[in-house]
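What follows is the residue order along each chain.
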Protein chains: 2
Amino acid sequence: MSNIRKVAELAGVSVATVSRTLKSPDIVSPATRDKVRRAIEASGYRPNQMAVQFRSRRSHNLAVLVPTIANTFFARVIAGVQQAAREQGYGVLLCNTLGQEEDEIQYAGMVAARQADGVIQLRAFNPFPDDAVEPGRPLPMVNACEVLDDAPCPTLRIDNRAAARTLTEHLIALGHRRIAMIQGPRRSPLTRDRVAGYRDALAAAGIAPDETLLCPGDFTPASGHAAAGSLLAVESPPTAIFCESDEMAIGAISRLRQAGLSVPADVSVAGFDDIAFASYSDPALTTIAQPAEAFGRRAVEMLIAILEGRGEVAPRVVLPHELVIRDSTAPPRDDIRDRG
Amino acid sequence: MSNIRKVAELAGVSVATVSRTLKSPDIVSPATRDKVRRAIEASGYRPNQMAVQFRSRRSHNLAVLVPTIANTFFARVIAGVQQAAREQGYGVLLCNTLGQEEDEIQYAGMVAARQADGVIQLRAFNPFPDDAVEPGRPLPMVNACEVLDDAPCPTLRIDNRAAARTLTEHLIALGHRRIAMIQGPRRSPLTRDRVAGYRDALAAAGIAPDETLLCPGDFTPASGHAAAGSLLAVESPPTAIFCESDEMAIGAISRLRQAGLSVPADVSVAGFDDIAFASYSDPALTTIAQPAEAFGRRAVEMLIAILEGRGEVAPRVVLPHELVIRDSTAPPRDDIRDRG
DNA sequence: ATGAAAGCGCTAACAC
DNA sequence: GTGTTAGCGCTTTCAT
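Computed from a predicted model, the values in this text were never measured in an experiment.

Analysis parameters
- Residue indices begin from 1 for each chain and proceed along its sequence in written order.
- Lettering for chains starts from A, numbering for ligands starts from 1, and both go in the order in which the items are written.
- The predicted origin of the model limits local features to residues at a pLDDT of at least 70 and limits the giving and counting of side-chain atom pairs to 80 or more, whereas totals for whole chains, interfaces and linings rest on all residues.
- No hydrogens and no water enter the side-chain calculation; it runs on all heavy atoms of the structure.
- Only strands joined by at least two bridges in the DSSP assignment are considered to pair.
- Strands here are runs of E lasting at least two residues and helices are runs of H or I lasting at least four, both read from the DSSP assignment and numbered beginning at the N terminus.
- For each residue, the test is whether any non-hydrogen atom lies within 4 Å of the molecule or strand; if one does, the residue is near.
- For the purposes of these results, a polar contact is taken to be a pair of N or O atoms within 3.5 Å, where, inside protein, one atom must be able to donate a hydrogen and its partner to accept one; residues adjacent in sequence count only when each atom of the pair is a side-chain atom.
- Residue contacts are defined here by distance: any two heavy atoms, one from each residue, within 4.5 Å place the two residues in contact.
- A simple way to read buried area is as the amount of 1.4 Å-probe accessible surface that goes missing from two parts once joined, with both sides added.
- For this analysis, a salt bridge means a side-chain nitrogen from Lys or Arg found within 4 Å of a carboxyl oxygen belonging to Asp or Glu.
- Here the nonpolar group is Ala, Val, Leu, Ile, Met, Phe, Trp, Tyr, Cys and Pro; Asp, Glu, Lys and Arg are the charged ones; every other residue, Gly included, is treated as polar.
- In this analysis, axes come from line fits to C-alpha atoms, helices being fitted only over the stretch in contact, and the angle between any two N-to-C directions falls in the range 0 to 180 degrees.
- The buried label applies to any residue whose accessible area, calculated with a 1.4 Å probe on protein chains only, is under 20% of its type's maximum; exposed applies above 50%, and partly exposed to all values in between.
- When the copies are superposed, the least-squares fit draws on C-alpha atoms of residues that have pLDDT of at least 70 in both.

1. Quick look at the pairing of strand β5 (residues 155-158) of chain B
Residue and element names in this part refer to chain B. Of the strand pairs in this sheet, strand β4 (residues 141-144) and β5 are connected by 2 bridges, and their pairing is parallel. The residue of β5 that forms the bridge with N143 is T155. With 4 bridges connecting them, β5 and strand β11 (residues 316-319) associate as parallel partners. Across the sheet, residue T155 finds its bridge partner in β11, namely R316.

Pasting the structure below:
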C-alpha cells in the first residue's frame, strides 16, 4: 500500500504539495500538479481515508436511525438519504433501531466517538444526552418523518394533521359516517396529529366521534389485519377504515376479505404513504402520497448544512403531500348508509 | 472533548494503561483498572474512534452493496446484515448501487481507501480490480443472494435451480401444461438457474417448452404488470405464471385482474421470495420462501471470519428454501385443461 | 508556490 | 503489571 510520502518522493516534491494537489489543486502550479498526478497514477496511490478523517476531524459519515428498514416507506427514505449523501461525498451508516431507545442512544454516541459527523433520526425521539454538544454549537441532527414537537434540531415532515383531515373528508364526501381509524403506535406524534386531523374532519361534518372505531396498530400488515378483525366485531361496524399506513391497509383488506366482505363495495379502506404496492394491490389503494425519497434527500442536505455551518438551516420544514384516489374507497352501500 | 492523555493524568497512570484497560482489561490489575474506569467516568471520555481505527488499521465497517434497497427482499437481507454486524461490533455502510457497475467499483474502492474492511455484494458482479489484494491474502468480500459462478470469494445462496424446479413441479402437479415464466434480468445467473430448474421440471413431465411463454422482467411490480400484459397477448395464453419475484407476481396479478381474469380460477400465479406482503395479497401467494435475514446474517459472519482470519470459511454455502403453497395456484379450469 | 515540521489520538513494541 | 516511546498517514501552520 502506497502512502503520501512515497508519492512525494516519486514526484520529487514534499508531502504537503501532494496533499495540496489533492485538496486544493488550484493553489498548486500546473506543472507541479501534473508531476504529482503522474506520481499518484504510477504508484496506484489511494489516500488512506482513516488518516484523512482522523487528521481532518471529520468522518464524512452520516448515521441514519430508522425504526425499521423492512418497511417499504422507510426503505425509500433511506434510498433518498444514500443518494444525496453520496452526491455530497458522505457515507451512510445504517442503524436499524427497531424503535429501541437504548439502541438509538448508543447509535447517536457514534457522533461523540467520531464515527459519524451527524445523525438523521426518523423517529420522534432525541437520542442525544443534554450535554452532547458544547453550548453554542448546533446539535448535529435532523429529525425527519416522525418529528418531535420540541425537537432540538431542524425537522422535516408533512402536515400530518391536514393530510389526515383531507383523507377523512374524502371518505365523508363519499357518504361515510362510520369511519374507523387503524392507528400507529399510541404515543407517536404521528398518530396524535393524524387522529387530530381525522377528528377535525368529523367535527366539521357534524359527525360524533366513536371511540370504539379507533384501533391501535404498528404500521405492519399484520397489525392492520388484526385491527380489522377487531373492527369487524364492534356492535355497529364501520363502513370505511382509514389506515395510518398502506401496509396496514393491505393487511386490513386481507382480513375483510377473509370475513367475506368486499372492498370497496362493503367497506372502503384508505391507506397512507403511497408505497409501490399501493397501486398494485386489489383494489388499488386510495392513500396519501408522502415524498419518501425527498425526505431522505432533504434531510441530508439540511444535516450537511448544519455540519458544515454554511448558512441558516430552516428549523421546521414541511413537505407537500397529496391525496391519491384509487379504487379502495367508494360510497357506502345503500342499505348501510340508510342505517347510518 | 477529552482524550486518552487527560484520562491518564486524571487516573495517575500512563496512556498505555488506559488503552489496555479499554482493550484488554484482564491484563490490568484490578486496582488500576478501577482507577482508570473512574477517571473515564469522571471525564466523560469517549475514545476517538477515528484515531482507534486509524492506528489499528481497521475501520470496523462493512460495506454492503445492494442492487436496490427499495425491494423488500433486499431490505430484509440488510436488516440481517445490520443486526449481525452490530452484534460483532461492526458498522454497516450502505451502498445502494442500482446495479451500476461503475458505482459498485467505486464503493468497493472504500476498502482500498480504508473506509471499510470488506464488502458484502448482493449482486453477481465482482467490483474489485484484479490487483485489489496482495497475492496470498483473501479478497475481503462475500457474495450473497445473486452469486457469481466463479466468484473469487465465498458465496452464499439458495439452490435456485432446485427451487424453481420444485415450484414448477407444483404447477404441473396441479394440471398445468402451459406455464409461463416472468424472469429476472436476462444476464443474471439467478435467472439462468431458475429457468434451468423450470425447464428441468417441464422436461421431466414431457412438456415441450414454449419460448413465447418466457418474459423478461426486473423484479419490480411494474415489470410483472407489463410482462403479464404481453403474456395475455400470446396466441395460446398460459394457464399458470411463475414469477421470479413476489413483487412481479403482485404486479402480474394486478394486470390479469385488469383483463377481467381471476387468480387462481382463470390463471395461477406463483412468486418467489416470500416477502411480507405475499401472505396478505389477494390471493395469498404461493411462493418459494428464501431466508432473507439469514442471508444477511451469515454473510456478515463469513466476511468477518475472512477479515479476522479465523479458521476456514466455507467457500460455497447453500441455504435452504421452502415451497409455500397458498391460494394463488390451483388446477386450471376444465375447459382450458381440455384444450391444453 | 513550495517545503519543513509539528502534531491529531491512539496502539503496540519494548523496557523495566 | 505498567511506563516510555515511536510512529500510523495525513493536514496544516509557518517559513521561505
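Further notes follow.
2. Notes on the protein's contact with DNA strand C
Around DNA strand C sit 26 residues in total, of which T17(A), T32(A), R55(A), I4(B) and Y45(B) are the nearest. Note that a base nitrogen of DNA strand C is positioned 2.4 Å from one of the side-chain N or O atoms of R55(A). R55(B) is positioned with one of its side-chain polar atoms (N or O) 2.8 Å from a base oxygen of DNA strand C. Of all the secondary-structure elements, those providing two or more residues to the surface near DNA strand C are α2 (15-23) and α4 (49-56) of chain A together with α2 (15-23) and α4 (49-56) of chain B.

3. Considering the interface of chain B and chain A
The accessible area lost on association of the parts is a frequent measure of interface size. Taken together, the contact pairs 47 residues of chain B with 47 residues of chain A. Carbon and sulfur atoms supply 63% of the area buried between chain B and chain A, which totals about 4300 Å² over both sides. Summed over the three residues of chain B that lose the most area to chain A, namely M50(B), F277(B) and Y280(B), the buried surface amounts to 18% of that side. On the surface where chain B and chain A come into contact, there are 4 salt bridges. For the salt bridge of D103(A) with R86(B), the shortest nitrogen-to-oxygen distance reads 2.9 Å. There are 20 residue pairs in polar contact (both at pLDDT 80 or more) connecting chain B and chain A. Contributions of two or more residues to the side of chain B that touches chain A are made by α4, α5 (72-87), β2 (91-96), α6 (101-112), α9 (221-232) and α10 (246-258) of chain B. Partitioned by chemical class, the residues of the side of chain B that touches chain A number 23 nonpolar, 15 polar and 9 charged.

4. A word on the sheet that holds strand β6 (residues 179-182) of chain B
Residues and elements named next belong to chain B. Read across the open sheet, the 4 strands follow the order β7-β6-β8-β9; overall the sheet is parallel. Edge strands, defined here as strands with exactly one partner in the open sheet, are β7 (214-215) and β9 (268-270). Pairing analysis gives 3 bridges linking strand β8 (residues 240-243) to β9, with the strands arranged parallel. Directly across from F242, in β9, lies its bridge partner A270. Sitting on the sheet, α9 is in contact with β6, β7 and β8, with an inclination near 145° to β6.

5. Comments concerning the side chain of Q82(B)
Along the chain, Q82(B) falls in helix α5. Taking the relative accessible area as the measure of exposure, Q82(B) reaches 3% and is therefore buried. Excluding its chain neighbours within four sequence positions, the residues that come into contact with Q82(B) are L94(A), C95(A), N96(A), Y107(A) and V92(B).

6. Section: the protein's contact with DNA strand D
Neighbouring DNA strand D are 27 residues; I4(A), S19(A), Y45(A), T32(B) and R55(B) lie closest to it. A breakdown of the atoms of DNA strand D within 4 Å of the protein gives sugar and phosphate a share of 61%. At 2.7 Å, a side-chain N or O of T17(B) approaches a phosphate oxygen of DNA strand D. Interatomic distance of 3.0 Å between a side-chain N/O atom of R57(B) and a phosphate oxygen of DNA strand D. If you list the elements that add at least two residues to the surface near DNA strand D, you get α2 and α4 of chain A together with α2 and α4 of chain B.

7. Focus on the relation of the copies chain B and chain A
For the pair chain B and chain A, the best superposition has an RMSD of 0.1 Å and corresponds to a rotation of 180° with a translation of 0.0 Å parallel to the axis. The transformation just described matches what one would write down for a two-fold rotation axis. Minimal C-alpha separation from the rotation axis in chain B is found for L93(B), amounting to 2.4 Å. The residues that chain B uses at the interface reappear at the interface of chain A in 100% of cases, marking a shared surface.

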